[in-house]
Amino acid sequence: MTTTSHNNTAAPYEALDAWIDTHFDEEVRFLQELVRVPTDTPPGNNAPHAERAADLLQAFGFEAEKHAVPAPTVHAAGLETITNLVVRRKYGPGRTVALNAHGDVVPPGEGWTHDPYGGEVEDGKLFGRAAAVSKCDFATFTFATRALEALGAPLKGGVELYFTYDEEFGGELGPGWLLQQGLVKPDLLIAAGFSYQVITAHNGCLQMEVTVNGKMGHAAVPETGVDALQAATRILVALYDQNTQYKQVKSQVKGINHPYLNVGLIEGGTNTNVVPGKVVLKLDRRMIPEENPAEVEATIRKVIQDAAAGQPGITVEIKRMLLANALQPLDGNRPLVDALSRHATSVFGEEIGAAGTPLYTDARLFGEAGVPAVLYGCGPRTVGESNAKRADEHIDLEDLRRATKVVARALFDLLD
């Protein structure tokens, strides 16, 4: 393609859009291939997907560096294999804009009417586990970068693609590991997101495992045991009572409401006729950006300990599983917000601005490293619309097409 004049401001955007339209069938096929390689986490055997993604990128002339996280480190985190991919496209002196999406995803679960690994297209939607979160943005970011380079215009700086595999377990072995090893340090970052908002802030997340220990006994002579489930019930009531208080705590960030606590897993007991000797609870506490994570954790520990106190024979162990800080907006994110908001508003034909989200993501790790980061990519107005993490997860292909155009246009502005 011939070099486009920078004087005609509409021309580069029209040329980018036209390239994406011309190559859209190829973009859909690329995403289908990524969906067809499972990345269920757990168990977290994600290196095969990285190998497949690297092969597909190679076909476009994108050389992907393969950074395998050492096996002992991966196994200690409860996963099997992780290979993170880094693609570097350098155009000249100037800032580096990175694009990060994660390939790992929760297992499919029950209730699917489409093959979760089929990548089937029906009624303008592509179905599959991770189609919406966030293999679609492997496609968005790759094809936006290809469109940018096909433009043939002189560019400054560079683009880096980070395709990582540890978001479901907190990101420490995905972006966290790449940052810690000094393998990446971009100037700006766009992480996988949705098409109708530019996310500048998100909640933090604290996950804890609570083990309530009693003593097994025969149900016919219950006094021979100490009922761990009865004690766990008191703890559950105390924890859920916290949600009433949390509703009084409001975030000032648009799109984020109040903190919330969820007990997502309960395990315990051995049989119907046995007094339960041990019960394990796993809880998830979402923290708004204004909260102090250390104070949140200390409060929850006290609530649990107070609820268990005074129950003879009961001991409680509390273990932190995950502490993900909130994503705080950094001052340097303005170029990202301006470019993405402007082009999303133009391409989608409605006002699309900056907001927060109650989700938590591994983009926070870049923020903690001082890299201004926002979330933007392919996806619906709400997580629920895409069935993300539920049966029949899908994306609207028009969202994929338009989000790719938005990201390509924004990259052009940022590197022009």
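Residues numbered from 1 in each chain as written. Predicted model: local features only at pLDDT ≥ 70, side-chain atom pairs only at ≥ 80, totals over all residues. Heavy atoms only, no water.

An unreviewed UniProt entry lists the protein under the name Probable succinyl-diaminopimelate desuccinylase, from Massilia pinisoli. Taken verbatim from the UniProt record of the protein, the Catalytic activity (unreviewed entry) comment is "N-succinyl-(2S,6S)-2,6-diaminopimelate + H2O = (2S,6S)-2,6-diaminopimelate + succinate". According to its UniProt record, the protein has this under Pathway (unreviewed entry): "Amino-acid biosynthesis; L-lysine biosynthesis via DAP pathway; LL-2,6-diaminopimelate from (S)-tetrahydrodipicolinate (succinylase route): step 3/3." (UniProt positions renumbered as here; feature names shortened; annotations may be inferred.)

A. Local environment of the overall build of the protein. The helix and strand tally for the protein stands at 12 helices and 17 strands. Relative to its length of 416 residues, the protein is compact, with a C-alpha radius of gyration of 23 Å against a globular reference of 22 Å. Judged by the C-alpha coordinates and their principal axes, the protein covers about 85 × 40 × 40 Å. Expressed as a percentage of its 416 residues, the buried residues of the protein come to 56%. Sequence separation of at least 24 residues holds for 81% of the intrachain contacts in the protein that already meet a minimum separation of 6. Accessible surface, the protein: about 17,200 Å² in total, of which carbon and sulfur atoms supply 50%. (Helix = DSSP H or I, 4+ residues; strand = E, 2+ residues; numbered from the N terminus. Rg over C-alpha atoms; globule rule 2.2 N^0.38 Å. Buried < 20%, exposed > 50% of the residue type's maximum accessible area, 1.4 Å probe, protein only. Contact = heavy atoms within 4.5 Å. Areas by Shrake-Rupley, 256 points an atom, 1.4 Å probe, with all protein chains shown as cover.)

B. Spotlight on helix 1 (residues 10-22). Helix length check: helix 1 (13 residues) gives 18 Å between terminal C-alpha atoms against 18 Å at 1.5 Å per residue, within 8%. Those residues of helix 1 hidden inside the fold are in contact with helix 2 (24-35), helix 5 (136-150), helix 9 (334-348) and helix 12 (397-415). (Expected span 1.5 Å × (residues − 1).)

C. Examining helix 2 more closely. Helix length check: helix 2 (12 residues) gives 17 Å between terminal C-alpha atoms against 16 Å at 1.5 Å per residue, within 8%. Three or more residues of helix 2 are buried, namely F24, E27, V28, F30, L31, Q32, L34 and V35.

D. Summary view of unusual backbone geometry. Backbone torsion omega between T41 and P42 reads 5°, so that peptide bond is classified as cis. Relative to the elements of secondary structure, P42 occurs in the loop between helix 2 and helix 3 (47-58). The omega torsion of the bond from P42 to P43 falls at 10°, within 30 degrees of zero and hence cis. Here P43 shows up in the loop between helix 2 and helix 3. With a phi angle near 55°, D123 is a residue other than glycine that sits in the positive phi range. With respect to the helices and strands, D123 occurs in the loop between strand 4 (121-122) and strand 5 (125-127).

E. How the structure looks around the state of the cysteines. Taken as a whole and assessed by the stated rule, the structure comprises zero disulfides. C136 provides the cysteine sulfur closest to C378, a residue in no disulfide bond, and the two sulfurs are 4.1 Å apart. (Disulfide = S-S within 2.5 Å.)

F. Inspection of the sheet that holds strand 14 (residues 315-324) at higher detail. One open sheet accounts for four strands, arranged 11-13-9-14; its pairing is antiparallel. Of all strands in the sheet, those bounded by a partner on one side alone are strand 11 (260-268) and strand 14. When the angles between neighbouring strand axes are averaged without regard to direction, this sheet yields 15°. Here strand 11 pairs with strand 13 (residues 278-287) via eight bridges, running antiparallel. (Pairing = 2+ DSSP bridges. Axes fitted to C-alpha atoms, helices over the stretch in contact; angles between N-to-C directions.)

G. Quick look at the pattern of salt bridges. This structure, assessed with the given rule, holds 25 salt bridges. Close ionic contact of R342 with D413 constitutes a salt bridge, the shortest N to O distance being 2.5 Å. Within this pair, whereas R342 is found in helix 9, its partner D413 is found in helix 12, the two being separated by 71 residues in sequence. The exposure class assigned to D413 is partly exposed, which follows from its relative accessible area of 22%. Note that R402 is salt-bridged to D399, the shortest N-O span being 3.4 Å. Of the two residues, R402 and D399 both sit in helix 12, three residues apart, roughly one turn of that helix. Bridged by salt links that share partners, the residues D21, E398, R401 and K405 form one connected network. (Salt bridge = Lys/Arg side-chain N within 4 Å of Asp/Glu carboxyl O.)

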